[in-house]
Amino acid sequence: MRTIENDDDLRAALTQMDVTDQRHVAALFVEDVLEYTHDSRLRHALSVVIRADASEAELKAAHRTARAAALDAHARCGADSDWSDQSPYFVARAAEAATGKNAKGTSSTLAWLVAMQCRMATCCLASETDQESEENTCSAQRRIAAEFINSRKDNGHE
Amino acid sequence: MSSASIEKGIRMIREQIDAPIASFFSSCVHCGMCADACHFYVQTGDPRYTPINKVEPMRRIWEQEYTLWGRIKATLGLSRKVNAQDFEAWEELVYDGCSLCGRCSLVCPVGNDISDMIRKIREGFAVAGHAPEGLVGATRRAVEIGSPMGVRLSALEAQIRHLKHDTGLDAPLDQAGADYLVLLSSMEIMNFPEYLEAIARIMQQAGKTWTISSRAFEATNSGVQIGVSDIAAELVQRVVDAAEELGVKTVISPECGHAYTAIRFEGPNLIGRPYNFRVQHILEVLEEFRQQGLLKTKGKETDRMTFHDPCQLVRKGGVIEAPRNLLGMVTDSFVEMRDHAEMNWCCGGGGGVSANERADELKSKAFNQKKSQLDELGVDTLVTACANCRITLEEGLERNDMDIPVIGLTEMLADHLVEEPGKGGET
Ligand code: SF4
Ligand code: SF4
């Protein structure tokens, strides 16, 4: 059984995955923080990524949906905003990245970028004294990635 | 609005009419070239959006009070004084229909700085109570909270904690004697926290010390956007006080166009004295690092990409080569838009337009100018260096069903940095 103990291991594990697997794990990362948003469009978009038989057209539509959700949730320039209300925005950004082709214009791993956006969503909600919430999201991500890798092995993918 | 407010507005406009503005009015040859340079006019075809028409109330005050012929006309009842209806009618032209992009000033054959005139007429509209609600709220929050979006220090501290936790990098607060004082825009803090990580990684690689002031971390200057110099001066002063107290050598304006011109060019005039530190846009700093060999990157993007020049940076700051040199480090597939560099078209959201919800429809019409530039280029990725441009572009692309991701240049460079063993941080 593979376990992932820290972020270096997590990052290394994500880097070894092909884009389809990365998207799948990334979608699971976003599902883990989906409770922070009421935008039902995102759940549907993620379900497309997780489905093994999703077509290119479906993936494209899912990506567009997630991007629209992110733009709807962004803090408008000059508008009265509250950091603790920004979680839905970061969840939507994470879903946008998870449904995208690759990490847009960067050399970073798609799934790692999604992990970071999900952590940012938790960071918004954490109070000044609460260091635990973000740590919980991090350990959940390590567990999700390890379980995914193990399930792939069980199914003879490696 | 009461007639007393209108009188105040007229008085304020009169005070703005200095020798250059008077000469601009007397030298206008009514050629209309400024109209063809303005995305609001070009995309609506509405002559009211002709740049020089946006300052017509100011021209009338100048003519009636400072020219002989104007005085005679006024005495004979041949001209009408500027009144409340004019303020009503021009408010939309002065705020919603101008992003202070400066393109009109660049093409005027007699050198009229129309953009600056519009910036100045806003002073009169603001005191007359004829400024958009969104900008009024943003300005109030900037004064009271220190951020036009009401972003408090606790939000920034949360991001710094996140940065340390996930990357091991630090964003030091209030470190006296640092090389650089980094300013942030509220837009970056709220929507693009990746910028903070990018700065931390770049500074680490370059071996420079940097800090953020807990008392003055905000770069955006709503006072300049709404057109109230007293407030603009107060906001600049906060940064100056922080920079001097911390004894930094350079203040870095972030990826925000108007913040840059406000602190760099308007700032010393607003507070009435030169600074004892340098002010640079982040791209200017990165270009210096590149020239000094302090910026080491690896890998190249394969996507076909172009750069959207933020108006303030390129037209007012003349920062043209820096983004192109920096992009050259990370891509071989860079293509230029037809009108680029100092002739670039605005995204439509600058000058407070984005903060003004009422202007949304007009802003999206103006965006069609950018759309046509992008349509003929067919790029995969759009890079820029202003958080407000970035969201305006994203919104415009989305509305027009164009699947082009928009990326901040600083972030993109940070993502290509060579990882140096023992230096921590993420790739
Ligand atoms: S500054 Fe830009 S938006 Fe304003 S009138 Fe001139 S060209 Fe138009
Ligand atoms: S371009 Fe200059 S001279 Fe021509 S109409 Fe505009 S302000 Fe007047």
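Residues numbered from 1 in each chain as written. Chains lettered and ligands numbered in written order. Predicted model: local features only at pLDDT ≥ 70, side-chain atom pairs only at ≥ 80, totals over all residues. Heavy atoms only, no water.

Regarding the overall build of chain B
At step 1: Counting its secondary structure elements, chain B contains 22 helices and 7 strands.
At step 2: In summary, chain B has a C-alpha radius of gyration of 22 Å against a globular reference of 22 Å for 427 residues, a match within 12%.
At step 3: Burial analysis of chain B (427 residues in total) assigns 62% to the buried set.
At step 4: When contacts within chain B are restricted to residue pairs at least 6 apart in sequence, those whose partners lie at least 24 apart make up 81%.
At step 5: Taken as a whole, chain B presents about 15300 Å² of accessible surface, with 50% of it coming from carbon and sulfur. (Helix = DSSP H or I, 4+ residues; strand = E, 2+ residues; numbered from the N terminus. Rg over C-alpha atoms; globule rule 2.2 N^0.38 Å. Buried < 20%, exposed > 50% of the residue type's maximum accessible area, 1.4 Å probe, protein only. Contact = heavy atoms within 4.5 Å. Areas by Shrake-Rupley, 256 points an atom, 1.4 Å probe, with all protein chains shown as cover.)

Comments concerning the overall build of chain A
At step 1: Of regular secondary structure, chain A possesses 7 helices and 0 strands.
At step 2: Tracing chain A from N to C terminus, the helices and strands come up as α-α-α-α-α-α-α.
At step 3: The buried share of chain A, taken over its 158 residues, is 54%.
At step 4: Expressed as a percentage of contacts within chain A between residues at least 6 apart in sequence, the contacts between residues at least 24 apart total 65%.
At step 5: Surface exposure of chain A reaches about 7200 Å², of which carbon and sulfur atoms provide 47%.

Structural notes on empty space enclosed by the protein
Residues and elements named next belong to chain B.
At step 1: Per the counting criterion, the structure on display carries 7 cavities of 30 Å³ or more.
At step 2: Of the pockets and cavities examined, the largest cavity occupies roughly 210 Å³.
At step 3: If you trace the largest cavity, you find 26 residues lining it, with Gly257, His258, Gly350, Cys386 and Asn388 closest to the centre.
At step 4: Residue composition of the lining of the largest cavity, grouped by class: 13 nonpolar, 13 polar and no charged. (1 Å grid on protein atoms, 1.4 Å probe; cavity = no way out; pocket = protein on both sides within 12 Å on 5 of 7 lines; lining within 4 Å. Points joined across faces, edges and corners; volume = space filled by probe spheres on them. Nonpolar A, V, L, I, M, F, W, Y, C, P; charged D, E, K, R; others polar.)

Digging into the packing of helix α4 (residues 56-73) of chain A against helix α5 (residues 87-99) of chain A
For any two helices packed against each other, the geometry is given by the interaxial angle and the distance between the axes.
All names here are of chain A.
At step 1: It is at 8 Å that the axes of α4 and α5 come closest, and there the two elements cross at 160 degrees. Judged by the angle between their axes, α4 and α5 are roughly antiparallel. Here the hand of the crossing between α4 and α5 comes out left-handed. Contacts from Leu59, Ala62, His63, Ala66, Arg67, Ala69, Ala70 and Ala73 of α4 reach α5 at Pro88, Tyr89, Ala92, Arg93, Ala95, Glu96 and Thr99.
At step 2: Residues of the contact of α4 with α5, tallied by class, amount to 10 nonpolar, 2 polar and 3 charged. (Axes fitted to C-alpha atoms, helices over the stretch in contact; angles between N-to-C directions. Parallel < 35°, antiparallel > 145°, perpendicular 65-115°, else oblique. Left-handed = near helix turned anticlockwise from the far one by under 90°.)

Quick word on the interface of chain B and chain A
At step 1: The partner chain A presents 39 residues to the 44 residues of chain B that form the contact.
At step 2: Carbon and sulfur atoms supply 48% of the area buried between chain B and chain A, which totals about 3600 Å² over both sides.
At step 3: Sorting the residues of chain B by area buried against chain A places His162(B), Met190(B) and Glu398(B) first, and these three jointly supply 17% of that buried surface.
At step 4: Between Arg93(A) and Glu394(B) there is a salt bridge, and its shortest N-O distance comes to 2.7 Å. (Buried area = accessible area lost by both parts, 1.4 Å probe. Salt bridge = Lys/Arg side-chain N within 4 Å of Asp/Glu carboxyl O.)

Looking at the site of ligand 1
At step 1: Inspection of the region around ligand 1 gives 13 residues, with Cys38(B), Cys98(B), Cys101(B), Gly102(B) and Cys104(B) positioned closest.
At step 2: Put simply, the parts of the chain that give the shell around ligand 1 at least two residues each are α4 (39-44) and α9 (114-127) of chain B. (Near = heavy atom within 4 Å.)

Considering the side chain of Thr211(B)
At step 1: Looking at the secondary structure, you find Thr211(B) in strand β2 (residues 210-211).
At step 2: Apart from residues no more than four positions distant in its own chain, Thr211(B) is found in contact with Pro172(B), Leu173(B), Asp174(B), Gln175(B), Ala178(B), Tyr180(B), Leu181(B), Val182(B), Leu246(B) and Val248(B).

Notes on the packing of α5(A) against helix α6 (residues 110-125) of chain A
All names here are of chain A.
At step 1: Relative to each other, α5 and α6 sit at 170 degrees, their axes nearing to 8 Å. When the interaxial angle is binned, α5 and α6 end up roughly antiparallel. The residues of α6 that touch α5, namely those facing Ser87, Phe90, Val91, Arg93, Ala94, Ala97 and Ala98, are Leu110, Val114, Gln117, Cys118, Met120, Ala121, Cys124 and Leu125.

A short note on the sheet that holds strand β7 (residues 406-408) of chain B
Note: strands within a sheet are paired through backbone hydrogen bonds, in either parallel or antiparallel orientation.
Residues and elements named next belong to chain B.
At step 1: Spatial strand order, β5-β6-β7: 3 strands in an open sheet with parallel pairing. Edge strands, defined here as strands with exactly one partner in the open sheet, are β5 (305-308) and β7. Taking each pair of neighbouring strands and ignoring which way they run, the sheet shows an average axis angle of 30 degrees.
At step 2: In this structure, strand β6 (residues 381-384) lies alongside β7, joined through 3 bridges in parallel fashion. Residue Thr384 lies in a different strand from β7, and its bridge partner there is Gly408.
At step 3: The strands that helix α21 (residues 387-399) touches are β5, β6 and β7; relative to β7, the one it contacts most, it runs at about 170 degrees. (Pairing = 2+ DSSP bridges.)

Quick word on the domain arrangement of chain B
Residues and elements named next belong to chain B.
At step 1: By the assigned domains, chain B splits into domain 1 (3-131), domain 2 (147-291) and domain 3 (305-415).
At step 2: Using only C-alpha atoms to locate each centre, domain 1 and domain 2 end up separated by 33 Å.
At step 3: Listed per partner, the contact involves 8 residues of domain 1 and 8 residues of domain 2.
At step 4: Interface area for domain 1 against domain 2, summed over the two sides, is near 630 Å², with a carbon-plus-sulfur share of 43%.
At step 5: Scanning the region where domain 1 abuts domain 2 turns up 1 salt bridge. (Domains from an automatic or database assignment.)

Observations concerning the layout of surface pockets
Residues and elements named next belong to chain B.
At step 1: The space that makes up the second largest pocket amounts to roughly 490 Å³.
At step 2: Lining of the second largest pocket is provided by 24 residues; of these, Asp116, Arg119, Lys120, Val224 and Glu266 occupy positions nearest its centre.
At step 3: Of all the secondary structure elements, the ones that give two or more residues to the lining of the second largest pocket are α1 (3-16), α9, α15 (229-246), α16 (257-271) and α18 (311-316).
At step 4: Counting residues per element, the lining of the second largest pocket draws most heavily on α16, at 7 residues.
At step 5: Looking at the lining of the second largest pocket residue by residue, the class counts come to 8 nonpolar, 8 polar and 8 charged.
At step 6: Each of two domains, domain 1 (3-131) and domain 2 (147-291), supplies a minimum of three residues to the lining of the second largest pocket.

Points about the nonpolar core
At step 1: Of all hydrophobic cores here, the largest spans 104 residues; its most connected members are Phe29(A), Val30(A), Trp210(B) and Phe289(B).
At step 2: For this core, the element with the most residues is α6(A), which contributes 11 residues.
At step 3: Of the domains in this structure, domain 2 (147-291) and domain 3 (305-415) of chain B are the two that each give at least three residues to this core.
At step 4: Not counting residues within four places of it along the chain, the set of residues in contact with Val30(A) comprises Leu46(A), Val91(A), Ala94(A), Ala95(A), Ala98(A), Val114(A) and Cys118(A).
At step 5: Judged by nonpolar contacts, the second largest core, of 40 residues, contains Ile13(B), Ile17(B), Trp62(B) and Ala126(B). (Core = buried A, V, L, I, M, F, W, Y, C linked by side-chain atoms within 4.5 Å.)

So, the pattern of salt bridges
At step 1: Throughout the structure, instances matching the rule amount to 50 salt bridges over all chains.
At step 2: The shortest N-O distance in the salt bridge between Arg76(A) and Asp360(B) comes to 2.7 Å. A residue pair is termed interchain when its members come from two chains, as with Arg76(A) in the loop between α4 and α5 and Asp360(B) in helix α20 (residues 360-375).
At step 3: The class for Asp360(B) is partly exposed, based on a relative accessible area of 29%.
At step 4: One salt bridge connects Arg59(B) with Glu56(B), and the closest N-O pair in it is separated by 2.9 Å. Separated by 3 residues within a single helix, Arg59(B) and Glu56(B) lie in helix α5 (residues 56-66), roughly one turn from each other.
At step 5: The class of Arg59(B) is partly exposed, set by a relative accessible area of 22%.
At step 6: A network of salt bridges, in which partner residues are shared, links Asp7(A), Arg119(A), Glu135(A), Arg142(A) and Asp166(B).

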